[in-house]
Amino acid sequence: MDRTERERQAAQRRYLGWGLAFEPTMPGVDLARDVVFDDGPNGRVLALVAGTENVAQSLAVALTTLRGSNVFDATFGFDGLNALAEQIEPNLIREQVRIGIITLLDRDPRVRKIVDVNLDDGRLGANGTDDAARSALRASRTLQVQVQFETITDDRLSVHLGELPSV
């Protein structure tokens, strides 16, 4: 690793932070996460994530946590999950989810610019294509969420959430 790469990683760790590593308990479905252990020189230690990996993990956890459900930080979490339970027009629910995602990203000081927020439930195909995967997604009544953004260290990240209830 050259000096420039070391300086870049040090800047990422300084400005993007670090935290405990949480891995999904059911990969592909963002229902729950658990701490991870590594082997250390004196036995098992809690695994850590830093830099861009920390930001991506933090936002994935925030996007799958109901806002106000954390008793220690009532402002933490994603308000768009409440929209999924409301009895309103599906297009309005999708827009509330999109606004909730943008609001959550705007609150994180490590996010400099939101590049794209893509909600896909299989109804809108690229160029009108309707392949088997899109049909299966539409039939499963799930919503796939893909968020792309830039950090204050000029890194472009993408967070993909597994499956959320469809709207």
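Just so it is clear, the structure is predicted and the values come from calculations on it, not from any experiment.

A separate point is the overall build of the protein chain. Along the protein chain, the regular secondary structure elements total five helices and nine strands. From first element to last, N terminus to C terminus, the protein chain shows the α and β order α-β-β-β-β-β-β-α-α-α-β-α-β-β. Residues classed as buried in the protein chain amount to 32% of the 167 residues present. Within the protein chain, counting contacts between residues at least 6 apart in sequence, those at least 24 apart form 52% of the total. Total accessible area on the protein chain is roughly 10300 Å²; 52% of this is exposed by carbon and sulfur atoms.

All chains considered together, the criterion is met by nine salt bridges. Note that R98 and E95 form a salt bridge whose closest N and O atoms lie 3.5 Å from each other. With R98 and E95 both in helix α4 (residues 90–107) and three residues apart, the pair spans about one turn of that helix. A single network of salt bridges, built from pairs that share partners, joins R112, E150, D154 and R156.

In the sheet, strand β4 (residues 37–40) pairs with strand β5 (residues 43–46) via four bridges, with the strands oriented antiparallel. Directly across from D39, in β5, lies its bridge partner R44. Linking β4 back to β5 in an antiparallel pair, the connection comprises two residues.

For the protein chain, the mean per-residue pLDDT works out to 83, and 88% of the residues sit at or above 70. Mean pLDDT across the elements of the protein chain bottoms out in strand β9 (residues 156–165) (71) and peaks in β5 (95).

Moving on, we come to the side chain of N54. On the secondary structure map, N54 appears in helix α2 (residues 52–63). Within the structure, the side chain of N54 is placed 3.1 Å from the backbone oxygen of L16, a separation counted as a polar contact. In this structure the side chain of N54 is engaged in a polar contact, spanning 3.5 Å, whose partner is the backbone oxygen of G17. Among residues more than four places away in sequence, those in contact with N54 are L16, G17, W18, G19, V49 and R110.

Criteria and cut-off values
Residues numbered from 1 in each chain as written. Predicted model: local features only at pLDDT ≥ 70, side-chain atom pairs only at ≥ 80, totals over all residues. Heavy atoms only, no water. Helix = DSSP H or I, 4+ residues; strand = E, 2+ residues; numbered from the N terminus. Buried < 20%, exposed > 50% of the residue type's maximum accessible area, 1.4 Å probe, protein only. Contact = heavy atoms within 4.5 Å. Areas by Shrake-Rupley, 256 points an atom, 1.4 Å probe, with all protein chains shown as cover. Salt bridge = Lys/Arg side-chain N within 4 Å of Asp/Glu carboxyl O. Pairing = 2+ DSSP bridges. pLDDT = per-residue confidence, 0-100. Polar contact = N/O pair within 3.5 Å; in protein donor to acceptor, adjacent residues only side chain to side chain.

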